[in-house]
Amino acid sequence: MLLALFLLTGSFALSTQPAHAASEGVGYWSDGAFLGAYNTGVDGRQAYCADLHADPPYGNTAGPERITSLDSLSRQQLAEMNYVLDRWGQSGDANVTAAVALYVWSVASPGMYNSHGMSGDDYYVARAPASERGTILANLSTMRQEAAVNAVTDPSLSLALDMTDQYNGTLTVTAHPASLTGSASLTNAVFTDGASTRNLAVGTHPIIGTPADGMPSYKIGASMNIAAAGYGAALDLYATPGQQRLIAAVAGSSTGLSASVESPMIDLDFQPEITTQVASRYVTEGDAFVDWLTVTVSKGTWIHLDGKPIEVTATGALYGPFDEQPTEADTPPAGAPVVGTETVTLTGAGSYTSPGTITAPESGFYTWVWAIDKDAHGEHAKYLTDSFTDRYGQVAETAVVPFQPVAVSEADQRLAVPGDALIDNITVSSSNGVWLKKAGAPIPVVFEGTAYQVPGTLPPAQNASIDSNAVPLGTVTITADGPGIYTSPPVIAPTGGFVTWVWEVKKSSQPEWVRDYLAAGWTDEYGISVETTSVRWPVTVTSLVREYNVHPGGRAFDVITVTGFPANHGDFTGDGYWGADVDELHHTVYGPFASDAELTDDLDLTGAPVLTALTTPARNGVYKLGYTDEDKIVPTEPGFYVFVTTFTGDDRVQPYASSPADVLERFYVPPTNTEVPVSVVTQATPEAFVGEPFSDTALVQGTKIPDGSYLVFRAYGPHPADPGAVCESPFYESEEIPITQAGVYRSGTTTVTEPGNVYWVESLYNADGEIIAEGVCGAPGETTVVKEQPEELIVKTNAVATVQLGDPAHDVATVTGTVPDGARLIFEAYRQDSDTATCTSEDLVFTSTTIDLDGPGEYRSDEVIFETVGIYYWVETVTDEDGTILHRGVCGAPDETTTVTDTPDEPGTPGTPGELAHTGGGDWWPLGLAGGLIAAVTGGVLLFGRRLAIARDRAGYVREEDEAFEEFKAQFEGAKED
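Here goes a summary of the coordinates provided.

Calculation notes
Residues numbered from 1 in each chain as written. Predicted model: local features only at pLDDT ≥ 70, side-chain atom pairs only at ≥ 80, totals over all residues. Heavy atoms only, no water. Disulfide = S-S within 2.5 Å. Helix = DSSP H or I, 4+ residues; strand = E, 2+ residues; numbered from the N terminus. Buried < 20%, exposed > 50% of the residue type's maximum accessible area, 1.4 Å probe, protein only. Pairing = 2+ DSSP bridges. Axes fitted to C-alpha atoms, helices over the stretch in contact; angles between N-to-C directions. Core = buried A, V, L, I, M, F, W, Y, C linked by side-chain atoms within 4.5 Å. Contact = heavy atoms within 4.5 Å. Parallel < 35°, antiparallel > 145°, perpendicular 65-115°, else oblique. Nonpolar A, V, L, I, M, F, W, Y, C, P; charged D, E, K, R; others polar. Salt bridge = Lys/Arg side-chain N within 4 Å of Asp/Glu carboxyl O. Lys, Arg positive; Asp, Glu negative; His and termini not counted. Phe/Tyr/Trp six-rings, centres within 6.5 Å; stacked < 30°, edge-to-face > 60°. Lys NZ or Arg CZ within 6 Å of the ring centre and 35° of its normal.

As for the state of the cysteines
In protein structure, a disulfide is the covalent linkage between the sulfur atoms of two cysteines. Taken as a whole and judged by the stated rule, the model has 2 disulfides. Shown here is the disulfide that connects Cys727 with Cys777, its sulfur atoms set 1.9 Å apart. On the sign convention where negative is left-handed, the bridge of Cys727 and Cys777, at about 80 degrees about the S-S bond, is right-handed. Remark: Cys777 occurs in the loop between β57 (771-774) and β58 (783-787) and Cys727 occurs in the loop between β52 (710-719) and β53 (732-733); sequence separation between them is 50 residues. On the basis of relative accessibility, which here comes to 28%, the residue Cys777 falls in the partly exposed class. The disulfide partner of Cys839 is Cys891, and the gap between their sulfur atoms is 2.0 Å.

Here it is, written out as structure tokens:
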């Protein structure tokens, strides 16, 4: 009975797992035919039909059973099928499972698969929707290609250990296929990264033995496991009696590979050993090197004689200096320099401290090597197993004396102009020894260079501290990878003046890992001559001849208005590095020319005829040429003449030459009893930003201009530059401007909201509206190029240059670029009591009201009446809504200087009649108009400024006497870029 009960119980325990019916999984149905994967119902996996001719496996499906053969398939075919089923068989994408099904049929049932008079691929893929067939066949092609390349029949794994000494060796991993990777574990050893377990690929991997303390010998073992799912000539088979067999890749749990290996026994030597740790990793130059020693016994115990331990002498040699951490080695390299040696007497295991008799001489890496020489111990030598020397170059035994980076710099440009990119060259070195390295590369040091706009107009004085009025233009960095010469990134010089570089090394600005290698921060001095660039101030010369037609033997007159020179120009005599001012402007009258067509920008003046040449001081002011007997200008021959003003330039101011094409600097001497035909020459504003005003100017010529004539300016665009000039429908048309005589006439200003080319065309009509003369669309000088507002905020300012004591002064700022919301503008004025420009709180005499900036445009300060005669410097400041300074002007800039005089300048009165007529739009200035008219009529003030870019809303005709006053005002409202 007990036996029967036992057998019955066993029958339950050994009964097979219940079978499950398979069902269609991911795939496509078409007319009762299925293409795709089946759900086995046994283990939740997807499997594929291997018998294309058999019924679907809807009965009781059992399995899986691992098989290594299937019908007449080769082992390579099994391996490739296993590879495909593993990589793609469990996909949830019907286009993938359909491709797998086609692959299995084509391999397992090739006869049936291709028995339909066509490719089996094309026949059976028709079970899928037509829109998906291309994707399925592409997937099938990929599977066939990758299986043929990657499948293997017999995956394998083997390990080999090879020890080069007691501690160092390699673990060699061999696997088939070679792409297999897996987890390897070491016993009594670690990999070079210190880990005993790593994921490895095929190849040779260095290892380091780690025997237990006190052991005489040890073995290193290694083991490795690799998951090889999808590799090998095997499949999992699911059987359904009388129906299709289903196959899948061999399950992962049965596809793993493993291997292990163990080294032979490794014998160890036993003896006293020393390990050390420097007391301080970083040692200041001049301080002592101190090493901490830890002594252990690696074989037996410390020998005692007569109850006392024997004395063992350890000798420490300090090697260095080196520019980087020495490479760890069993022995020092040949010729390695030694700073000094020290000895310590050892009487047992424990801790010891070196005497500290060696001090740090200079920067570098210094490493200790401690040794015990068995033969040097006399009769006690027999108690030592062997000599001992610790490894050279160990990090723990290495101290670092930080280095001191310094630099000598020299500006790349001695002379520049506003808008230039300024760069500096620095020669970098270490001042206390070698430049240290890490991992074979010089330790990078960040040098910060700041370009300062020097206040005022004179060269800076060299000083250890930075001038408090200096304006930083930008800070750049150079990462020095060792000694050498480096070039800085550029800093734009926005305005004229001297720019000087100051370089420094801040430990706080270095990467954290670098800081300990640096002895200290460093900075050079401010105002060093070779670190300074003179951004030469641009000179502006505006002028207008008094009259256009001059009879032979008559006199010509010109009024020259000069701005842009430093207020002290002509006084600077040089300092040994910077040259003295050139205090001379040249004014040459060229002519006669047979035609005004010869007067172009590129006219070669070297061989041109010269009527007369005059000179004036190279200083700001209004100069009247031809008004005295000493400088009279008397043309005797008919033809066209032009005034050209030149300045050779010096170390503070740019060279300048006016253009022979300037229509406002011409006059004409007609032949006797010759009538000059009516013609018009025009000159438009060459450039403007979107939203800025611009205009056109016309010079009307002719001896007999019909009564009732009038001029109309038209502007077309803006248009892209590429297609050429287009003048179809004007967006601006001036009023009808009466023309009574030869002279200059202005269009009035306009603006546009988009960039592009604006083409001007002027038309001169008679009283009946008939055209007398008309310009050509796209004619030279008749195009205004309108540019987008710049991204950066740009502020140009221009203060009233000269006022009489008691008269008001002001400053004007033209703002372009991106103006942040909430930006504000303040003007300040500072009185000067010395030649050195200072703009401190003690010098401040005026602060304007705060002006809210609502975008690009022109902004004017309050009027101020200065109380004393002298020079005043204006400084404009733009801040954002949080008070952060976005822009600050330069103290002492030429166009930001107002000179207050006791009495106004009284220009002489010429003895010749007639002023050059000129008309155009303008503001109406009720106050002072009478004075302007009187000055214009008497010739007392002939200041016809021509700055067409000044933002004014001009339109229409203004009386000639009013235009003279407008021109006087324009002399002081030009813009400069800060």
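Next comes the rest of the account.
Focus: the sheet that holds strand β28 (residues 405-411)
With antiparallel pairing, the 3 strands of this open sheet are ordered in space as β28-β31-β36. Every interior strand has two partners, whereas the edge strands, β28 and β36 (484-487), have only one. Ignoring which end each strand starts from, the neighbouring axes of this sheet average 25 degrees apart. Relative to β36, strand β31 (residues 424-430) is paired through 4 bridges, and the arrangement is antiparallel. Bridge pairing in β36 places Val428 opposite Gly484.

Here we look at the nonpolar core
By size, the foremost hydrophobic cluster in this structure holds 75 residues, and its most contacted members are Met81, Leu85, Leu102, Leu171 and Ile247. Counting residues per element, this core draws most heavily on helix α3 (residues 94-108), at 12 residues. Beyond its immediate sequence surroundings of up to four residues, Leu85 is in contact with Tyr48, Gln90, Val100, Val104, Leu235, Ile247, Ala248 and Ala249. Within the second largest apolar cluster, 36 residues are counted, among which are Phe365, Ala407, Phe447 and Val535.

Some words on the packing of helix α2 (residues 75-88) against α3
Between α2 and α3, whose axes approach to 10 Å, the crossing angle comes to 170 degrees. Relative to α3, the element α2 is oriented roughly antiparallel. Residues Gln77, Glu80, Met81, Val84, Leu85 and Trp88 of α2 pack against Val96, Val100, Tyr103, Val104, Val107 and Ala108 of α3. Residues of the contact of α2 with α3, tallied by class, amount to 10 nonpolar, 1 polar and 1 charged.

Thoughts on the pattern of salt bridges
Applying the stated rule across the entire model yields 24 salt bridges. For Lys437, the salt bridge identified is with Asp323, shortest N-O distance 3.4 Å. On the criterion of sequence distance, the pair formed by Lys437 in strand β32 (residues 437-438) and Asp323 in the loop between β22 (312-322) and β23 (338-346) is long-range, its members being 114 residues apart. In this structure, Lys787 and Glu687 form a salt bridge, with 3.3 Å as the shortest nitrogen-oxygen distance. In this pair, Lys787 sits in strand β58 while Glu687 sits in strand β50 (residues 687-689), placing the two residues 100 residues apart along the sequence. Assessed through its relative accessible area of 45%, Glu687 is described here as partly exposed. In this structure, a network of salt bridges that share partners links the residues Asp51, Asp71 and Arg245.

Looking at the side chain of Glu692
Topologically, Glu692 is positioned in the loop between β50 and β51 (696-701). Here Glu692 sits buried without a salt bridge, and the closest side chain of opposite charge, Lys796, lies 5.9 Å off (N-O distance). When near neighbours in sequence (up to four residues on either side) are disregarded, Glu692 contacts Thr750, Thr751, Gln789, Thr814 and Thr816.

Let's talk about the pairing of strand β56 (residues 756-765)
Judged by how many residues are buried, β56 sits mostly within the fold: 10 of 10 residues are covered. Judged from the 4 bridges that link them, β56 and β58 form a sheet pairing that is antiparallel. Bridge pairing links Val758 to Thr784 in β58. Note that β56 and β57 share 3 bridges and pair antiparallel. In the sheet register, Leu764 faces β57, and the bridge partner there is Ala773. Counted along the chain from β56 to the antiparallel partner β57, the turn is 5 residues long, and its residue Gly769 has a positive phi close to 85 degrees.

Looking at the pairing of strand β34 (residues 445-453)
With 9 of 9 residues buried, β34 lies mostly within the body of the structure. Neither face of β34 is open: one carries Val445, Phe447, Gly449, Ala451 and Gln453, the other Val446, Glu448, Thr450 and Tyr452, and all of them are buried. Here 9 bridges tie β34 to strand β35 (residues 471-480), and the two strands are oriented antiparallel to one another. Looking at β35, one finds that Val445 is bridged to Ala480. Looking at chain direction, β34 and strand β38 (residues 497-505) are connected through 6 bridges and run antiparallel. Bridging across to β38, Thr450 finds its partner in Val502.

Side note on the sheet that holds strand β16 (residues 256-262)
With respect to topology, 4 strands assemble into an open sheet ordered β10-β8-β13-β16, the strand pairing being antiparallel. Both outer strands of the open sheet, β10 (197-201) and β16, are each paired with one neighbouring strand and no more. Recorded for the sheet is a direction-independent mean angle of 25 degrees between the axes of neighbouring strands. Pairing of strand β13 (residues 221-227) with β16, which is carried by 7 bridges, proceeds in the antiparallel orientation. Within β16, the position partnered with Ile226 by the bridge is Leu257.

Here's the deal with the environment of Cys727
Judged by its relative accessible area of 25%, Cys727 is partly exposed. Separated by 51 residues in the primary sequence, Cys727 and Gly778 have C-alpha atoms spaced 8.3 Å apart. Aside from chain neighbours lying at most four places away, what touches Cys727 is Tyr716, Tyr759, Val761 and Cys777.

Description of unusual backbone geometry
In this structure, the amide linkage connecting Gly320 to the following residue, Pro321, adopts the cis form with an omega of 0 degrees. With respect to the helices and strands, the residue Pro321 is situated in strand β22. Put simply, Gly591 and Pro592 share a cis peptide bond, and its omega is 10 degrees. In this fold, Pro592 is placed in strand β43 (residues 585-593). Phi angles above zero are rare outside glycine, and Asp71 is one such case at about 50 degrees.

A look at the packing of aromatic side chains
Remark: the centre distance and the inter-plane angle together describe each pair of aromatic rings, the angle taken between the planes. A complete count under the given rule lists 31 aromatic pairs for this structure. Centroid distance Trp501 to Trp503: 5.8 Å. Interplanar angle 10 degrees. Geometry classified as stacked. Given the relative accessible area of 0%, Trp503 is considered buried. By the ring-pair criterion, three or more aromatic residues cluster together here, those being Trp105, Tyr113, Tyr123 and Tyr124. Its end group placed over the ring of Tyr231, Arg87 keeps NZ or CZ at 5.0 Å from the ring centre. When the ring centre of Phe191 is taken as reference, the NZ or CZ atom of Arg198 above it lies at 5.2 Å.

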